[in-house]
Protein chains: 2
Amino acid sequence: MNNLENVSRSVSRPTLMRLPGYLNYLKLRQKDELVNISATKIASDLKLNHVQVRKDLASISSGGRPKTGYDIKELISDISTFLGYDNVNEAILVGAGKLGKTLLSYDGFSDYGLNILAAFDTDKNLIGNTINGKPIFSLEKLKDVCKRLNLRIGIITVPAAKAQKICNLLIDSGILAIWNFAPVHLHIPDNIILQNENMAASLAILANQLSERIQRKI
Amino acid sequence: MNNLENVSRSVSRPTLMRLPGYLNYLKLRQKDELVNISATKIASDLKLNHVQVRKDLASISSGGRPKTGYDIKELISDISTFLGYDNVNEAILVGAGKLGKTLLSYDGFSDYGLNILAAFDTDKNLIGNTINGKPIFSLEKLKDVCKRLNLRIGIITVPAAKAQKICNLLIDSGILAIWNFAPVHLHIPDNIILQNENMAASLAILANQLSERIQRKI
DNA sequence: TAGATTGTTAATCGATTAACAATC
DNA sequence: TAGATTGTTAATCGATTAACAATC
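Residues numbered from 1 in each chain as written. Chains lettered and ligands numbered in written order. Predicted model: local features only at pLDDT ≥ 70, side-chain atom pairs only at ≥ 80, totals over all residues. Heavy atoms only, no water.

On to the pattern of salt bridges. Under the criterion given, the structure shown has 8 salt bridges over all chains. The closest approach of N and O atoms between Arg148 of chain A and Asp144 of chain A, which form a salt bridge, is 3.5 Å. With a gap of 4 residues between them, Arg148 of chain A and Asp144 of chain A both fall in helix α6 (residues 142–149), about one helical turn apart. On the basis of relative accessibility, which here comes to 63%, the residue Arg148 of chain A falls in the exposed class. Asp172 of chain B is the partner of Lys143 of chain B in a salt bridge, and the nearest nitrogen-oxygen pair spans 2.9 Å. Taken together, the residues span a long stretch of sequence, with Lys143 of chain B in helix α6 (residues 142–149) and Asp172 of chain B in helix α7 (residues 160–172) at a distance of 29 residues. (Salt bridge = Lys/Arg side-chain N within 4 Å of Asp/Glu carboxyl O. Helix = DSSP H or I, 4+ residues; strand = E, 2+ residues; numbered from the N terminus. Buried < 20%, exposed > 50% of the residue type's maximum accessible area, 1.4 Å probe, protein only.)

Another aspect to go through is the protein's contact with DNA strand D. In the neighbourhood of DNA strand D, 22 residues make up the surrounding shell, with Ala39, Arg54 and Tyr70 of chain A together with Gln52 and Lys55 of chain B lying closest. Counting only the atoms of DNA strand D that lie within 4 Å of the protein, the sugar and phosphate share comes to 63%. Among the elements of the structure, α2 (39–46) and α3 (50–60) of chain A together with α1 (13–31) and α3 (50–58) of chain B are those that each provide at least two residues to the surface near DNA strand D. A class-by-class count of the residues in the surface near DNA strand D yields 7 nonpolar, 8 polar and 7 charged. (Near = heavy atom within 4 Å. Nonpolar A, V, L, I, M, F, W, Y, C, P; charged D, E, K, R; others polar.)

Attention now moves to the pairing of strand β4 (residues 114–121) of chain B. All names here are of chain B. Counting buried residues in β4 gives 6 out of 8 residues, a clear majority hidden from the surface. Summarising the sheet, strand β3 (residues 89–94) and β4 pair through 6 bridges and their orientation is parallel. Paired with Ile92 across the bridge in β4 is Ala118. Crossover handedness for the path β3 to helix α5 (residues 98–105) to β4: right-handed. (Pairing = 2+ DSSP bridges. Right-handed = clockwise from strand over helix to strand, strands pointing away.)

Attention now moves to the protein's contact with DNA strand C. Around DNA strand C, the surrounding shell holds 22 residues, and the nearest of these are Gln52 and Lys55 of chain A together with Ala39, Arg54 and Tyr70 of chain B. Of all DNA strand C atoms lying within 4 Å of any protein atom, the proportion belonging to sugar or phosphate reaches 63%. Within the side chain of Lys55 of chain A, one N or O atom sits 2.9 Å away from a base oxygen of DNA strand C. With respect to DNA strand C, the backbone of Ala39 of chain B contributes an N or O atom lying 2.9 Å from a phosphate oxygen. Along the lines of polarity and charge, the residues of the surface near DNA strand C split into 7 nonpolar, 8 polar and 7 charged. (Polar contact = N/O pair within 3.5 Å; in protein donor to acceptor, adjacent residues only side chain to side chain.)

The next subject is the sheet that holds strand β9 (residues 193–196) of chain B. Strand order across the open sheet formed by 7 strands is β5-β6-β4-β3-β7-β8-β9 (chain B), with mixed pairing between neighbours. With one partner strand each, in any of the chains shown, β5 (130–131) and β9 of chain B form the two edges of the open sheet.

Attention now moves to the interface of chain A and chain B. Taken together, the contact between chain A and chain B spans 60 residues of the former and 60 residues of the latter. Taken together, both faces of the contact between chain A and chain B bury some 5,700 Å²; the carbon and sulfur share is 64%. Summed over the shared surface of chain A and chain B, the result is 0 salt bridges. Joining chain A to chain B, the criterion identifies 7 residue pairs in polar contact (both at pLDDT 80 or more). Of all elements in the fold, only α1 (13–31), α2, α4 (72–83), α5 (98–105), β8 (177–180), β9 (193–196) and α8 (199–217) of chain A reach the threshold of two or more residues within the side of chain A that touches chain B. Looking at the side of chain A that touches chain B element by element, the count peaks at 17 residues for α8 of chain A. Looking at the side of chain A that touches chain B residue by residue, the class counts come to 34 nonpolar, 17 polar and 9 charged. (Contact = heavy atoms within 4.5 Å. Buried area = accessible area lost by both parts, 1.4 Å probe.)

In this section: helix α4 (residues 72–83) of chain B. Residues and elements named next belong to chain B. For α4, with 12 residues, the first-to-last C-alpha span of 16 Å sits near the 16 Å given by 1.5 Å per residue. Taken as a whole, α4 has its buried residues at Ile72, Leu75, Ile76, Asp78, Ile79, Ser80, Phe82 and Leu83. Where α4 starts, the residue carrying a side-chain oxygen 2.9 Å from the main-chain nitrogen of Lys73 turns out to be Asp71. Just past α4, the residue Gly84 takes up positive phi, approximately 75°. (Expected span 1.5 Å × (residues − 1).)

Moving on: the side chain of Gln195 of chain B. Position of Gln195 of chain B among the secondary structure elements: in strand β9. In contact with Gln195 of chain B, not counting residues within four places along its chain, are Ser202, Ile205 and Leu206 of chain A together with Arg13, Ile178, Trp179 and Asn180 of chain B.

So, on to the pairing of strand β6 (residues 134–138) of chain A. Residues in a regular strand project their side chains so that they alternate between the two faces of the sheet. Residue and element names in this part refer to chain A. Relative to β6, strand β4 (residues 114–121) is paired through 3 bridges, and the arrangement is parallel. Looking at the pairing, Asp121 lines up with Ser138 of β6. When strand β5 (residues 130–131) meets β6, the two strands line up antiparallel, connected through 2 bridges. Of the residues in β6, the one forming a bridge with Thr130 is Pro135. Between β5 and β6, which follow one another and run antiparallel, lie 2 residues, and Asn132 among them has a positive phi close to 55°.

On to unusual backbone geometry. Even without glycine at this site, Lys67 of chain A takes up a positive phi of about 80°. Note on placement: Lys67 of chain A falls in the loop between α3 and β2 (70–71). Positioned with a positive phi, Lys47 of chain B is a non-glycine residue whose angle comes to about 55°. Along the polypeptide, Lys47 of chain B turns up in the loop between α2 (39–46) and α3. Residue Lys47 of chain B is classed as exposed on the basis of its relative accessible area, which comes to 52%.

Structure below.
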């Protein structure tokens, strides 16, 4: 469809999800003063197939050298760049309850290129406060702030029942990508990007595997 | 391998991850005083393929009736039972920092059959305190408590650098399933169940899709 | 009966893995 | 040179989707 030269190489979803894991691992290895690393080694440490690792790395990096492997520093830089960890993405968060506050307090997101600028809530006791240097504003100001700062990422940490309404408001405010922590299915237009942080699904897998294991053993 | 009659039907991982979504949706529908629902309707509301929905439901339920569809109440009960939301899973949590406290405070886990009994930490200022009725104990007591109560689920909310050590301790204490919130790859024996709550991966997907979208539009 | 719906069998699609060639 | 390693092409596997038959 679109034949532009410098469109970012596109990568399968599973590959994309493994990339942060590689990055993490490589940073640890770098601390050990290692310079090169082989796909074989990465694969065995991360319990992955070595061809898969090679394909993943090939899709975002200029590649390694036979016998020596990959240059760790180069690989770290390639993955970081691909994931967009270099250029900061600015976001706002809606719902300054417990989870919202936790996310506001967490400084680790900057490693992933995410910077939460501010939070919004309807609770008068919260409005005007600051958490980890980030102000909490009235929800009424959301649209204005988003438009003025041309923000594109919104994080939803309100209760399930309110999530759809907030979602609509975010979209109306020009937000393009939504990171949803509320346990509901949100209805969105096709052009909006939605990522659900699905703890219920994780827990389902854990509990299911556990019960299978226990049944097997008895 | 194992031909026991009443081994729980096993289900693909994608199906398993969709089940909590169906449950959620059905509970909402039930509030609308609806009695029956068709797979077609579920599929269109949840933006899934209708055959997929039918297969998913067939794998855990006795099924619906042509023309009428499925009985919502029955379906809710079937999914809940399959996911083990009926019988409570007891868990302990290690690391009563911000994220740990948030999880302790969150009462919604009981909907998923998870009950966090207590937390463990090394911080003297936290030990002895109670959060949402759940006590924080010294890490030294972990093994004893796990063994005595025969606990099987451990939640890791310590910083990345400490996670592997805690993981080892949990396994040594008889824990079989670990829900890991620390952003590291944990090394575990084959017989231990590990579920990573991978926020970095979610964020990677979000940021990647956003940058693709923005590139496309310019 | 007609038609909406379930449920199954076959085709397609995409990701993983295996086999092999190329290179330093 | 020999062997460790990269990278590619082909085979396999599993999940999704399409086509169709069965049922109320």
